[in-house]
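Here's the letter readout for the chains.
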Amino acid sequence: MATSPPLSTFGAGKVILLGEHSVVYGHPALAGPLSQGVKARGVPARKCQLTLPATMSRAQRAQLTGAFLRAAKLVGEPPVKVSLDPELPLSAGLGSSAAVSVACARMLLCAAGREPTPKEAARLAWEMEQEFHGTPSGVDHTTSAEERLLLYRRAPGSSDTGRGKVVDSPRPLRVVVALAGERSPTKKTVGALRERQARWPERYQRLFAQMGKLASEGARAVEAGDLEGLGDAMNVNQGLLAALGLSSPVLEEMVYRLRGLGALGAKLTGAGGDGGAVVGLFLEPEPAVDQLTRLGVRCFSSQLAGPRAT
């Protein structure tokens, strides 16, 4: 190994504030990195290997192994033993596979004696994400690698990983993420939407275009410090997601619960379906987290952008 790897590397989870699903069809999405993510720990070893979490199914273990080896080959299979420590809920629409990919990519690059820049980490993580998802939009791993709020866009069908424009905020952009119900498999949710889109393309393209416009408007609102405007865009986006058949009673209940606790805007984030993650934009998230936790809701707060308290 060219250099001993660090004790750990990190891949951030993500939330999409505006534009999930429409981003797959070439429209922009506004996404930010969570403080929660996945840690990869590495120690020198005789060969490049990944220790798999015991809780994974046989299919998940095979998929993760294949993704890891695909990335490892691109950096010469450095002799490092990697283990994973997830800090965020898995398979909840919070970019867990991208966080795993970025954490592993950074570890492999360090073990090979290469600088784990955001660009290099994203390049390797993209290879793993293709193993996980086939044709991902790229927004998850790009946001995780950059660890910045991004307005992301990728041409559909392109082999390019897409482009992310950094969106700076003059105000702290803080959210509460709450889990609601059991999440449907992403492939099932995305596949059903793709079938409806193929049957009524003009109708669905209009909705996707509106979601893309909301993402761009939301990015401008962030840059102007207009968090109320961003929250309104999130609320409208939730209505469009419901119109696309991507919401559910349990998700809607959590959306309205967050709004009732003072959220400027709230919506599902990720694939949606029967359940999953809901994100709410708050000026002061701590009271909402305390109240939800007392009610038994699994939740946490995170700051996505803006000045941080010292």
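Residues numbered from 1 in each chain as written. Predicted model: local features only at pLDDT ≥ 70, side-chain atom pairs only at ≥ 80, totals over all residues. Heavy atoms only, no water.

Draft legend 1. The overall build of the protein, seen in detail. Counting its regular elements, the protein contains nine helices and ten strands. A compact globule built from 310 residues would reach a C-alpha radius of gyration of about 19 Å, and the protein, at 19 Å, matches this within 12%. Projected onto its principal axes, the C-alpha positions of the protein cover 55 × 50 × 35 Å. Burial status across the protein gives 52% buried among its 310 residues. Counted over contacts in the protein with a minimum sequence separation of 6, partners at least 24 positions apart contribute 75%. Of the roughly 13,600 Å² of accessible surface on the protein, a fraction of 51% belongs to carbon and sulfur atoms. Taking the 37 positively charged and 28 negatively charged side chains of the protein as two groups, their mean positions are separated by 6 Å. (Helix = DSSP H or I, 4+ residues; strand = E, 2+ residues; numbered from the N terminus. Rg over C-alpha atoms; globule rule 2.2 N^0.38 Å. Buried < 20%, exposed > 50% of the residue type's maximum accessible area, 1.4 Å probe, protein only. Contact = heavy atoms within 4.5 Å. Areas by Shrake-Rupley, 256 points an atom, 1.4 Å probe, with all protein chains shown as cover. Lys, Arg positive; Asp, Glu negative; His and termini not counted. Charge placed at Lys NZ, Arg CZ, Asp CG, Glu CD.)

Draft legend 2. Here's a closer look at the side chain of Ser 22. Take Ser 22: it is sitting in the loop between strand 1 (8–18) and strand 2 (29–44). Residue Ser 22 is classed as buried on the basis of its relative accessible area of 0%. A polar atom in the side chain of Ser 22 sits 3.0 Å from the backbone oxygen of Gly 19. When sequence neighbours within four positions are dropped, the list of residues in contact with Ser 22 reads His 27, Pro 28, Phe 208, Met 211 and Gly 212. (Polar contact = N/O pair within 3.5 Å; in protein donor to acceptor, adjacent residues only side chain to side chain.)

Draft legend 3. Inspection of the side chain of Ser 302 at higher detail. Relative to the helices and strands, Ser 302 is located in strand 10 (residues 299–305). Here Ser 35 takes part through its backbone nitrogen, which lies 2.9 Å from a polar atom of the side chain of Ser 302. Setting aside its immediate chain neighbours within four residues, Ser 302 contacts Pro 33, Leu 34, Ser 35, Gln 36, Leu 173, Arg 174 and Val 175.

Draft legend 4. Region of interest: the environment of Gly 138. Following the sequence through the fold, Gly 138 ends up in the loop between helix 3 (118–133) and helix 4 (139–146). Separated by 34 residues in sequence, Gly 138 and Pro 172 place their C-alpha atoms 26 Å apart.

Draft legend 5. Representation of empty space enclosed by the protein in the model. Tallied over the entire structure, the rule returns one cavity of 30 Å³ or more. In this structure, the largest cavity spans a volume of roughly 30 Å³. Together, His 21, Val 24, Tyr 25, Val 190, Leu 193 and Arg 194 line the largest cavity. Residue composition of the lining of the largest cavity, grouped by class: four nonpolar, one polar and one charged. (1 Å grid on protein atoms, 1.4 Å probe; cavity = no way out; pocket = protein on both sides within 12 Å on 5 of 7 lines; lining within 4 Å. Points joined across faces, edges and corners; volume = space filled by probe spheres on them. Nonpolar A, V, L, I, M, F, W, Y, C, P; charged D, E, K, R; others polar.)

Draft legend 6. Inspection of the nonpolar core at higher detail. In terms of nonpolar packing, the biggest core is built from 87 residues, with Leu 17, Leu 30, Leu 94, Leu 108, Leu 173, Val 177 and Leu 230 touching the most fellow members. A total of ten residues in this core trace back to one element, the largest contributor, which is helix 2 (residues 96–111). Counting residues in each nonpolar core, the second largest holds six residues, with Ile 16, Val 23, Val 139 and Tyr 152 among its members. (Core = buried A, V, L, I, M, F, W, Y, C linked by side-chain atoms within 4.5 Å.)

Draft legend 7. Seen up close, the pattern of salt bridges. Per the stated rule, a full pass over the model turns up 15 salt bridges. One salt bridge in this structure joins Glu 127 and Arg 70, with 3.0 Å as the shortest N-O distance. Of this pair, Glu 127 sits in helix 3 while Arg 70 is found in helix 1 (residues 58–74), placing the two residues 57 residues apart along the sequence. Among the ionic pairs, Arg 174 bridges to Glu 284, the shortest N-O distance being 3.8 Å. Separated by 110 residues along the polypeptide, Arg 174 in strand 7 (residues 173–180) and Glu 284 in the loop between strand 9 (276–282) and helix 9 (286–294) bring together distant segments of the chain. Because the salt bridges share partners, they merge into one network encompassing Arg 70, Glu 127 and Glu 131. (Salt bridge = Lys/Arg side-chain N within 4 Å of Asp/Glu carboxyl O.)

Draft legend 8. Region of interest: the sheet that holds strand 9. Strands sit in the order 8-9-7-10 across an open sheet of four strands; the sheet is antiparallel. With partners counted over all chains shown, the strands left at the sheet margins are strand 8 (265–269) and strand 10, one partner each. The mean angle between the axes of side-by-side strands here comes to 30°, regardless of whether they run parallel or antiparallel. Pairing of strand 7 with strand 9, which is carried by seven bridges, proceeds in the antiparallel orientation. Paired with Val 176 across the strands is Gly 280, a residue of strand 9. Sheet contacts for helix 8 (residues 249–260): strand 7, strand 8 and strand 9; angle to strand 9, the most-contacted strand, approximately 15°. (Pairing = 2+ DSSP bridges. Axes fitted to C-alpha atoms, helices over the stretch in contact; angles between N-to-C directions.)

Draft legend 9. Spotlight on the packing of helix 2 against helix 3. Direction vectors running N to C along helix 2 and helix 3 enclose 135°, while the axes themselves pass 8 Å from each other. Considering their axes alone, helix 2 and helix 3 lie oblique with respect to each other. Once helix 2 is placed against helix 3, the crossing between them reads as right-handed. Seen from helix 2, the contacting residues are Ser 97, Ala 98, Ser 101, Val 102, Cys 104, Ala 105, Arg 106, Leu 108 and Leu 109; seen from helix 3, they are Glu 120, Ala 121, Leu 124, Ala 125, Met 128, Glu 129, Phe 132 and His 133. (Parallel < 35°, antiparallel > 145°, perpendicular 65-115°, else oblique. Left-handed = near helix turned anticlockwise from the far one by under 90°.)

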